[in-house]
Amino acid sequence: MLPFKKPIYITRPNLPPISKVYDKIKEIWESKWLTNMGAQHKNLELKLLNFLDVKYLTLFCNGTLALQLACQALGLTGEVITTPFTFSATVNSLLQNKLTPIFCDINLYDFNIKIDEIEDLITSKTSAIMPVHVFGNPCDVEKIEKIAQENSLKVIYDAAHCFGVEYNNRGIGNFGDVSMFSFHATKIFHTIEGGALTYNDPDLKETFNLLKNFGIKSEEEIVLPGTNAKMNELQAAIGLLTLKLVDNEIEKRKRLITIYREKLGKIKCISYLSEKKNVKYNYQYFPILIDDKCSVMNRDKIYEKLKDYNIFSRKYFYPLITDYKFVRKETKKSFPNAEKISSQILCLPLYGELSEENVIKIAEIITFLLKK
Ligand code: T4K
């Protein structure tokens, strides 16, 4: 089989027509209002409240700073229970706040935090749980809420992968005290870089606005030591344009995943996340598991070999966060499920612009490699 002529990456940004971007830039130039919560910013906040079906929403310049400021706003202290199977931003947001991450293993069936083990990890120092809806697959939000209520803990969801995901017909951003969405260029909805927090407590609105804007309350009043985490007008304008493309992007990705599943479904070594019935998915990623026991070609070999065909898959999330030196392991605990998933996971190329023919070819190459 011949390699692809051009590289096939795990994703490509969902881009509006350049003519529409020019129009937006012209509008912004004419207004001479470039940042500090201008018209584009206000408009995007309103549009997203509606699209995500949430009560309150605040925009930020990226998801990581949003998460970091959420911890600050909720006044978290001591220990926070989280997952080792995530992007470093989850844990970095805790460490930046001088909080101690306490790691909890994950489920084999959805790669999310293992609820049954959370309670064993709660101590007098625990102030919150920070679960991640990994790959846009919702955690068991009801059980997490129950544990949090019984133990007076806050819940901040890392919903970076979850734009447009619904659980029981409700936007996923309605659960917990706060949820963070990432609007990075690699996400189905993006503002190039960007993010948002969603929440139900109206009092948080002012705190988030202060935290992201130096703590400025008025021209002569700074009320807390905030930072600069504002989304600028160009970012917001790109968001307004990209938002119009999201539904179509989700539909296309769903179709491509159906093809991947049809083509790879018969291979014994490969398994997938199964879909939950009460969830509307966004198909942000297409992760597969490659069982290293049924072929000489394990995940790492497939990942390397795919590069020879100009296919650039990604091992999200390998290594585990707990394997990085800078992450302090509070206990010598091991995470057997997370270790297993992390050693077998491979996220395959998935984006609306990817053609069905190319998905078929990628699946055929993987099939060929696994039969070696
Ligand atoms: N929590 C979780 C669970 C997250 O996954 C993330 C971010 C965050 C929090 C933090 O949210 P942000 O602060 O980012 O808003 C990428 C993204 O940069 C990152 O946002 C994302 N998660 C993570 C899972 O993936 P990298 O280092 O893998 O990205 P990179 O630059 O290797 O890009 C991947 C591929 O995408 C490239 O091979 C090609 C394509 N690409 C990328 C960019 C940036 C393009 O075609 N064009 C582009 O402009 O982290």
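Keep in mind the model is a prediction, meaning the values are calculated, not measured. (Residues numbered from 1 in each chain as written. Predicted model: local features only at pLDDT ≥ 70, side-chain atom pairs only at ≥ 80, totals over all residues. Heavy atoms only, no water.)

Peer 1: Tell me about the site of the ligand, and name the residues and values.
Peer 2: Taken together, 25 residues lie around the ligand, and Arg12, Thr64, Asp158, Ser182 and Tyr316 are the ones closest in. At 2.7 Å from an oxygen atom of the ligand is found a side-chain nitrogen or oxygen belonging to His161. Its atoms largely coinciding with the cavity grid, the ligand occupies the largest pocket. Listing elements by their share of the shell around the ligand, those giving two or more residues are helix H3 (63-73), helix H4 (88-96) and strand S9 (178-182). Residues that form the shell around the ligand fall into these classes: 10 nonpolar, 11 polar and four charged. A domain-level breakdown of the shell around the ligand finds at least three residues from each of domain 1 (18-243) and domain 2 (246-371). (Near = heavy atom within 4 Å. Polar contact = N/O pair within 3.5 Å; in protein donor to acceptor, adjacent residues only side chain to side chain. 1 Å grid on protein atoms, 1.4 Å probe; cavity = no way out; pocket = protein on both sides within 12 Å on 5 of 7 lines; lining within 4 Å. Sits in = over half its atoms within 2 Å of the grid points. Helix = DSSP H or I, 4+ residues; strand = E, 2+ residues; numbered from the N terminus. Nonpolar A, V, L, I, M, F, W, Y, C, P; charged D, E, K, R; others polar. Domains from an automatic or database assignment.)

Peer 1: Requested: an account of unusual backbone geometry, with residues and values cited.
Peer 2: Cis rather than trans, the peptide bond between Tyr316 and Phe317 has omega equal to 5°. With respect to the helices, strands and loops of the structure, Phe317 is situated in the loop between strand S16 (311-312) and helix H11 (336-344). Even without being a glycine, Phe135 presents a positive backbone phi close to 55°. Looking at the element boundaries, Phe135 is found in the loop between strand S5 (126-130) and helix H6 (141-150). In this structure Phe135 comes out as buried when scored by relative accessible area, which is 5%. Notably, Ile192 is not glycine yet its phi reads approximately 75°, a positive angle. Looking at the secondary structure, you find Ile192 in the loop between S9 and strand S10 (195-199). (Buried < 20%, exposed > 50% of the residue type's maximum accessible area, 1.4 Å probe, protein only.)

Peer 1: Explain the packing of H3 against H4 to me, and be specific about the residues and the numbers.
Peer 2: At their nearest, the axes of H3 and H4 sit 9 Å apart, and the two run at 40° to each other. Classified by the interaxial angle, the pair formed by H3 and H4 is oblique. In this structure, H3 crosses over H4, and the sense of that crossing is right-handed. The segment H3 lies against H4, with Thr64, Leu67, Gln68 and Cys71 engaging Ala89, Thr90, Ser93, Leu94 and Gln96. Taken together, the residues of the contact of H3 with H4 break down into four nonpolar, five polar and no charged. (Axes fitted to C-alpha atoms, helices over the stretch in contact; angles between N-to-C directions. Parallel < 35°, antiparallel > 145°, perpendicular 65-115°, else oblique. Left-handed = near helix turned anticlockwise from the far one by under 90°. Contact = heavy atoms within 4.5 Å.)

Peer 1: Break down the layout of surface pockets for me, citing the residues and quoting the values.
Peer 2: One number sums up the size of the largest pocket: a volume of about 360 Å³. Lining the largest pocket are 21 residues, and of these Phe87, Ala89, Ser182, His184 and Lys187 sit closest to its centre. Sorting the residues of the lining of the largest pocket by element identifies H3, H4 and S9 as the ones contributing at least two each. Residue classes in the lining of the largest pocket are distributed as eight nonpolar, 10 polar and three charged. (Points joined across faces, edges and corners; volume = space filled by probe spheres on them.)

Peer 1: Summarise the domain arrangement of the chain; cite the residues concerned and give the values.
Peer 2: Domain assignment breaks the chain into domain 1 (18-243) and domain 2 (246-371). Spacing between the C-alpha centres of domain 1 and domain 2 amounts to 25 Å. Between domain 1 and domain 2, the contact holds 44 residues from the first and 35 residues from the second. Taken together, both faces of the contact between domain 1 and domain 2 bury some 3500 Å²; the carbon and sulfur share is 65%. For the interface between domain 1 and domain 2, the tally reads three salt bridges. With its nearest N and O atoms 2.9 Å apart, the salt bridge here joins Asp110 to Lys276. On inspection of domain 1 and its partner domain 2, the count reaches 15 residue pairs in polar contact (both at pLDDT 80 or more). When residues of the side of domain 1 that touches domain 2 are traced back to their parent elements, those giving at least two are H4, strand S4 (100-103), helix H5 (115-121), strand S7 (166-167) and helix H8 (233-243). (Buried area = accessible area lost by both parts, 1.4 Å probe. Salt bridge = Lys/Arg side-chain N within 4 Å of Asp/Glu carboxyl O.)

Peer 1: So what's going on with the pattern of salt bridges? Residues and values would help.
Peer 2: The final tally for this structure, using the stated rule, is 16 salt bridges. Its salt-bridge partner being Lys24, residue Glu27 comes within 3.8 Å of it at the nearest N-O pair. Taken together, the positions of Glu27 and Lys24, both in helix H1 (residues 18-31) and three residues apart, correspond to about one turn of that helix. What makes Glu27 partly exposed here is its relative accessible area of 43%. Classification of Lys24 as buried rests on a relative accessible area of 14%. Here Glu304 makes a salt bridge to Lys307, at a shortest N to O gap of 3.5 Å. Highlighted residues: Glu304 and Lys307, both in helix H10 (residues 299-308), separated by three residues, approximately one helical turn.

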